[in-house]
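So the chains spell out like this:
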Amino acid sequence: MPLQASGEKRIISEGKKLTDPQKLPEHVAIIMDGNGRWARRRGMDRVRGHRVGAESVREVVRASRELGIHWLTLYAFSEENWKRSKFEIRALMKLLRQFLKSELEEMLQNGIRLQAIGRITKLDAKTREILADTIEKTAKNREMVLTLALSYGGRQEILDAFRSLASQIQEQTLAPEEITEEAISRSLYTSSMPDPDLLIRTSGEYRVSNFLLWQIAYAEMYVTPTLWPDFRKEEFLCAIEDYRKRERRFGATSEQVASKA
Ligand code: FPP
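In what follows, the accompanying structure is described.

**A closer look at the site of the ligand**
Okay, so step 1: Near the ligand lie 14 residues; those nearest to it are Asp 33, Gly 36, Arg 37, Arg 46 and Arg 84.
Okay, so step 2: With respect to the ligand, the side chain of Arg 84 contributes an N or O atom lying 2.8 Å from an oxygen atom.
Okay, so step 3: For the ligand, the protein covers 92% of the area, taking 620 Å² as the surface of the free molecule.
Okay, so step 4: For the shell around the ligand, the secondary-structure elements that each account for two or more residues are helix H1 (35-40), helix H2 (46-67) and helix H3 (86-109).
Okay, so step 5: Looking at the shell around the ligand element by element, the count peaks at 3 residues for H1.
Okay, so step 6: Counted by class, the shell around the ligand contains 5 nonpolar, 5 polar and 4 charged residues.

See the structure below:
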């Protein structure tokens, strides 16, 4: 995204809401899938699909900020993605570094804080450095939190939480009965975040692919056949509108929800 496409800095207008703010999801999480298929269908290299996919990332981040969605979490690289070719992994890391560099100014102008979840130490040094730098420079931003899940796996996250809780028990700083749902939530990489309200998955697969397994217990799902590089602002707004029409019952009945409201 050219930051100064028309010679002007792009500042996303404060308070300009694209849809009724009522019932907006506080946290949207996205499984961005279909870059490879998008490229293959055009006789292109998979990496080209990722590159165009990065444009979708920019549009969705901007749209989220414009709408006033506070938390946006993107599944950018899974633990399982390490199985891909070295060439593809290198290309994905390069795209990530380019994205972080090109978006920094816009994140600062629009109050967007960047954070990352996952086994970040597995990333190469150059990528870790740019990531840490972006996290530090945006740390004081308060309008929106963009979380990139990198080298992320939901089971690995739960495993890390178990290990942390087990060592607290071993050190006798925690009693077994103190392991509650809240204590588990606090031990996850997402400890400071609310659970996602809406989980979007592109490319038509009905899977959660090891993404935020604990946190999506009550998330509403929006699955679209659109491949990620084609998933732009318009469809993102459709997903949000679709969410706003849902009734979230959290296990209660419609009548109970209505009487509470
Ligand atoms: C899934 O498509 C997507 C990924 C493995 C990576 C997601 C990366 C991006 C959207 C681009 C860059 C990201 C940032 C944050 C700048 P796939 O390759 O599994 O597609 P396929 O299932 O069609 O093969």
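**Looking at the sheet that holds strand E5 (residues 198-201)**
Adjacent strands of a sheet form backbone hydrogen bonds with each other and so pair up, either parallel or antiparallel.
Okay, so step 1: Pairing is parallel across the open sheet formed by 6 strands, whose spatial order is E3-E4-E2-E1-E5-E6. On the outer flanks of this sheet lie strand E3 (112-117) and strand E6 (220-223), each paired with one strand and no other. For this sheet, the mean inter-axis angle between neighbouring strands, taken without regard to orientation, is 20°.
Okay, so step 2: Taken together, the 6 bridges between E3 and strand E4 (residues 144-152) define a ladder with parallel strand orientation. Residue pairing in the sheet places Ala 116 in a bridge with Leu 148 of E4.

**Examining H3**
Okay, so step 1: Here H3 contains 24 residues, and its C-alpha end-to-end distance of 35 Å stays within 8% of the 34 Å for a straight helix at 1.5 Å per residue.
Okay, so step 2: Along its length, H3 shows its largest kink, about 45°, at Glu 103.
Okay, so step 3: At the C-terminal side of H3, Gly 111 shows a positive phi close to 65°.

**Comments concerning the environment of Leu 213**
Okay, so step 1: Inspection of the secondary structure puts Leu 213 in the loop between E5 and E6.
Okay, so step 2: Leu 213 gets classed as partly exposed once you look at its relative accessible area, which sits at 30%.
Okay, so step 3: When the C-alpha positions of Leu 213 and Glu 157 are compared, they lie 9.0 Å apart, and in sequence the two are 56 residues distant.
Okay, so step 4: If sequence neighbours within four positions are ignored, Leu 213 has contacts with Tyr 152, Gly 154, Arg 155, Ile 158 and Val 208.

**So, the pattern of salt bridges**
Okay, so step 1: With the rule as written, the count across this model stands at 19 salt bridges.
Okay, so step 2: Where Arg 37 meets Asp 33, a salt bridge forms, and the shortest distance between an N and an O atom there is 3.1 Å.
Okay, so step 3: The partly exposed category is assigned to Arg 37, whose relative accessible area is 22%.
Okay, so step 4: Residue classification places Asp 33 among the buried positions, given a relative accessible area of 19%.
Okay, so step 5: Asp 33 serves as the salt-bridge partner of Arg 201, at 3.0 Å between the closest nitrogen and oxygen. Of this pair, Arg 201 sits in strand E5 while Asp 33 sits in the loop between strand E1 (27-31) and H1; the two residues are 168 residues apart in sequence, bridging distant segments of the chain. Across the pair, exposure class does not vary: Arg 201 and Asp 33 are buried alike.
Okay, so step 6: Through salt bridges with shared partners, one network takes in Asp 33, Arg 37, Arg 201, Glu 205 and Arg 207.

**Digging into the packing of aromatic side chains**
Okay, so step 1: Scanning the model with the defined rule gives 6 aromatic pairs in all.
Okay, so step 2: Ring geometry for Tyr 152 and Tyr 189: centres 6.1 Å apart, planes at 75°, overall edge-to-face. Placement of the pair is Tyr 152 in strand E4 and Tyr 189 in the loop between helix H6 (181-187) and E5, with a sequence separation of 37 residues.
Okay, so step 3: Between Tyr 152 and Phe 211, the aromatic rings sit 5.9 Å apart at their centres with planes inclined by 90°, giving edge-to-face as the arrangement.

Rules and cut-offs
Residues numbered from 1 in each chain as written. Predicted model: local features only at pLDDT ≥ 70, side-chain atom pairs only at ≥ 80, totals over all residues. Heavy atoms only, no water. Near = heavy atom within 4 Å. Polar contact = N/O pair within 3.5 Å; in protein donor to acceptor, adjacent residues only side chain to side chain. Areas by Shrake-Rupley, 256 points an atom, 1.4 Å probe, with all protein chains shown as cover. Helix = DSSP H or I, 4+ residues; strand = E, 2+ residues; numbered from the N terminus. Nonpolar A, V, L, I, M, F, W, Y, C, P; charged D, E, K, R; others polar. Pairing = 2+ DSSP bridges. Axes fitted to C-alpha atoms, helices over the stretch in contact; angles between N-to-C directions. Expected span 1.5 Å × (residues − 1). Bend = angle between axes of the 7 residues up to and from the residue. Buried < 20%, exposed > 50% of the residue type's maximum accessible area, 1.4 Å probe, protein only. Contact = heavy atoms within 4.5 Å. Salt bridge = Lys/Arg side-chain N within 4 Å of Asp/Glu carboxyl O. Phe/Tyr/Trp six-rings, centres within 6.5 Å; stacked < 30°, edge-to-face > 60°.

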